[in-house]
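Architecture and fold: a report
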Amino acid sequence: MWITSKIKQLLMVMKPGVVTLDYPNERPPVPANLRGQPVFDHQKCIGCGGCSDHCPARCILVRDVCQELRVMLYDGSRCTYCGRCADICPEKAITMSNSFEIACDQKEDITTRMELFMMTCQRCGRCYEMEKTNAIDRINLKGFRYDNLEQRALVRKTSETFDPALLKESDNYQRPSDKE
Amino acid sequence: MSIRKELEAKLIARLRDDVVCVEKTDERTIYIDVKRAGFREASQIITASGARYLCSIGYDNIERDGTLAMVHTYALDDSNRFVCCRASAPVDDPVLESITPDLPSAGWSEREVTDLLGLRFAGHPKPKKLVLADDWPEGIYPLRKEVPHDFVPQGAEDVAYQLDEAPPGTKIVPVGPFHPSLHEPEHFAVYVDGETIKGCDYRGFMTHRGIEKLCQTQVSYNEVPFIAERICGICGSVHATAFSQAVESAAGLIIPRRAEFIRTMMLEIERIHSNLLWLGVAGHLIGFDTVFMQAWRVREQIMWLCERLTGNRKTYGMILVGGVRRDITPDIAEDILNVVKKIEDELTVIYRAIEKDTSIHKRTKGVGTITRQQAIDWNLIGPVARARGVDIDARRDHPYAAYDEMKFEVPVLDGCDVWSTLVVRVVETFEAIKIIRQCLDKMPGGEIFVEMKDKIPAQRHAITVVEAPRGESVHYVVTGEDNRPERWRVRAPTFTNLQAVPLMLLDEQFGDFPIIMGSIDPCFSCTDRVAVVDLQTGKSSSISKAELDVMSRKRLQGNQLQQVQK
Ligand code: SF4
Ligand code: SF4
């Protein structure tokens, strides 16, 4: 029995042969609806903040610098490529591209920053972009609002090797406990 | 007499005034509120009426009435009912009676609640730390509402977990802090006498990420499924589906039938993936890398299929509260059928090639044995239980999604060992393929998503069970304010099965440790370093993974040698 099993195993291995791809020289085709890196179209975005409200990783940050200027920052280092932002966006300003080879040394390389000029509504004082229809009310803002760019300071820094200086510095980190 | 009335009568007969109320919230869930004096006895009465213990959930009720509450949950598998027994204790005297002496598998649930909420259990046989880090400060209970989700206490030096005393005459072999092959952290201290394992103690939860706390404080209902999916890299859809079902059941939301079919299909695709992955890992653990390579080659096709279907190889991101995100088009349906056909053929070839291989039998038959009765006592679940003659499967016993319309077999074997587990999982893969075909066959048209129109009322409780490839996952949700759950408890299958591992290891050979561990398909990883401490001299040396592999392989070669000589 042992021998027949071994013969069967030999056949099982021989039939498919080598299946490993010679990546990166040989690349398998990327399927059309892959959820790759989200790409933002500043022409279409009306700055409604829907994407930032619904991003499970909270990596789209919104900040109103002043009444007329809203900054949107997409922090790709924390993105989970779930595609929720693209689903939510009322203006289809976000597309999930098919790029997935996005490992890099510089966080900035996968960060997108948009500065949007907003108009103030004469009646309610809220912001929206002038020439587009207002979609604020179409989006149900239920979630948590993350509009503090400084929160990024809470993302801890790490070093390749043990760094006593960095450890020392971590003593000064704001810990929620000593806020009170 | 209905099941609820029957239970109520039994409880009142024994506990009288301690029973506060017995109510049925939906078709299949019965809630029992008892005073704390009768908590353990109520549990005894419930289990005596044939219920199987699932898990326990603690939650913080301090703001409302100054208590910490605890829920024990049970399943009545014959009649598709869940029984939840609740009691609470005031926060200044947070003690309840432990049920672990009656139900050994409640041990971890109770220790977890003690760690995270500060509720103590009188009479617990092993009231040690389970979840929290060794240097976590006393008196801070992270799941209480007053503790912020990003609280980071100062670390402390010189604190270590006190492992159990080794039985006399044995030596300790620590395995960990990473598992020797699954690449997840865990720490076992294995007590060996020569090569024979005489017991073990476990220290884990090193990857406790506080997901429950995060979801209870930061995100909203529709973002939790994405986080739930990341609880486990393999049964992602299981957790997302379970969470969504729990919320839907609390909110009374009915989702479109088509969405239920798609969910069922995703769960079965995931099962094929997981079983093939496990088959490969099991082969690797016993040093049979041909199985590993071939099973994973076959598995690769399902990952590519999922990439076309959902946009990603794993973490499908398909499930939301209220339905699913992507529809199944006729093109993709055909694609699915082709791929599962191919997998069916190729898996048959693999199975034929290994089913009679005596060298595999030698390493897996009669290894990791526990009896059927022990499996029931420890509430084993999933393929591990089915390989030990326990006939449970949540898909059949507590149908969810579209499983009520599916026809499939539940393989039950009574070999009680690792080999039977392997066979069960291979057979289940074939069953999964059958289910996928039925899904595509019978899938009704219509919507795939229904919007949540109203606010979900707070303070509703819901429990749901989903059969993951490695056993059932239990999710319990207490709805809350601000569009997010107030308490969300996930009991992954490993949580239960791992507790019985010491029993499986007893009197086995140390070289079999990896495969016995691996046979429950634990959801943590096992890697490189094994330190051997000689108790007598206190000297410690390290075995690398390579050496452990060599030890493991030597057993295989020894077996083959014997075989050839025969
Ligand atoms: S893909 Fe998901 S995680 Fe990434 S930005 Fe969009 S919503 Fe956030
Ligand atoms: S949801 Fe779309 S329109 Fe709204 S802020 Fe985000 S990208 Fe802009």
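Shown above is the structure to which this text applies.
Attention here is on the structure that accompanies the text. (Residues numbered from 1 in each chain as written. Chains lettered and ligands numbered in written order. Predicted model: local features only at pLDDT ≥ 70, side-chain atom pairs only at ≥ 80, totals over all residues. Heavy atoms only, no water.)

Topic: the overall build of chain A
Along chain A, the regular secondary structure elements total 4 helices and 7 strands. Reading chain A from its N terminus to its C terminus gives the helix and strand order α-β-α-β-β-α-β-β-β-β-α. Expressed as a percentage of the 180 residues in chain A, the buried residues total 37%. Counting every atom, chain A has about 11,600 Å² of accessible surface; 55% of that belongs to carbon and sulfur. (Helix = DSSP H or I, 4+ residues; strand = E, 2+ residues; numbered from the N terminus. Buried < 20%, exposed > 50% of the residue type's maximum accessible area, 1.4 Å probe, protein only. Areas by Shrake-Rupley, 256 points an atom, 1.4 Å probe, with all protein chains shown as cover.)

Section: the site of ligand 2
For ligand 2, the full set of nearby residues is Cys45, Ile46, Gly47, Cys48, Gly49, Gly50, Cys51, Met72, Cys89, Pro90, Ala93 and Ile94 of chain A. Split by residue class, the shell around ligand 2 holds 9 nonpolar, 3 polar and no charged. (Near = heavy atom within 4 Å. Nonpolar A, V, L, I, M, F, W, Y, C, P; charged D, E, K, R; others polar.)

So, the interface of chain B and chain A
Tallying the contact residues gives 43 residues for chain B and 34 residues for chain A. Carbon and sulfur atoms supply 55% of the area buried between chain B and chain A, which totals about 3,300 Å² over both sides. Ranking the residues of chain B by area buried against chain A places Val152, Glu223 and Arg325 of chain B at the top, with a combined share of 15%. Counting the contacts that link chain B with chain A gives 3 salt bridges. Of the charged contacts in the structure, one is a salt bridge between Lys6 of chain A and Asp357 of chain B, with a shortest N-O distance of 3.0 Å. Remark: the boundary between chain B and chain A carries 15 residue pairs in polar contact (both at pLDDT 80 or more). Put simply, the parts of the chain that give the side of chain B that touches chain A at least two residues each are α6 (224-229), α9 (289-310), α10 (330-355), α11 (358-364) and α19 (545-565) of chain B. Here the side of chain B that touches chain A takes 7 residues from α9 of chain B, the largest share from any one element. (Contact = heavy atoms within 4.5 Å. Buried area = accessible area lost by both parts, 1.4 Å probe. Salt bridge = Lys/Arg side-chain N within 4 Å of Asp/Glu carboxyl O. Polar contact = N/O pair within 3.5 Å; in protein donor to acceptor, adjacent residues only side chain to side chain.)

Describing the packing of aromatic side chains
Tallied over the entire structure, the rule returns 12 aromatic pairs over all chains. With a centroid separation of 5.2 Å and 40° between ring planes, the pair formed by Phe40 of chain A and Tyr74 of chain A is classed as tilted. Pair noted here: Phe40 of chain A is in strand β1 (residues 38-40) and Tyr74 of chain A is in strand β3 (residues 69-75), with a separation of 34 residues, a long-range link. With respect to burial, Phe40 of chain A and Tyr74 of chain A carry one shared label: buried. Here Phe188 of chain B and Tyr202 of chain B contribute two aromatic rings whose centre-to-centre distance is 4.8 Å and whose plane-to-plane angle is 50°, an arrangement assigned as tilted. Highlighted residues: Phe188 of chain B in strand β9 (residues 187-193) and Tyr202 of chain B in strand β10 (residues 196-203), separated in sequence by 14 residues. The buried category is assigned to Phe188 of chain B, whose relative accessible area is 1%. According to the relative accessible area criterion, Tyr202 of chain B is buried, its value standing at 10%. Chaining the aromatic ring pairs together yields one cluster made of Trp108, Phe188, Tyr202, Phe495, Phe510 and Phe513 of chain B. The aromatic ring of Trp296 of chain B is capped on one face by Arg299 of chain B, whose charged end is 4.3 Å from the ring centroid. (Phe/Tyr/Trp six-rings, centres within 6.5 Å; stacked < 30°, edge-to-face > 60°. Lys NZ or Arg CZ within 6 Å of the ring centre and 35° of its normal.)

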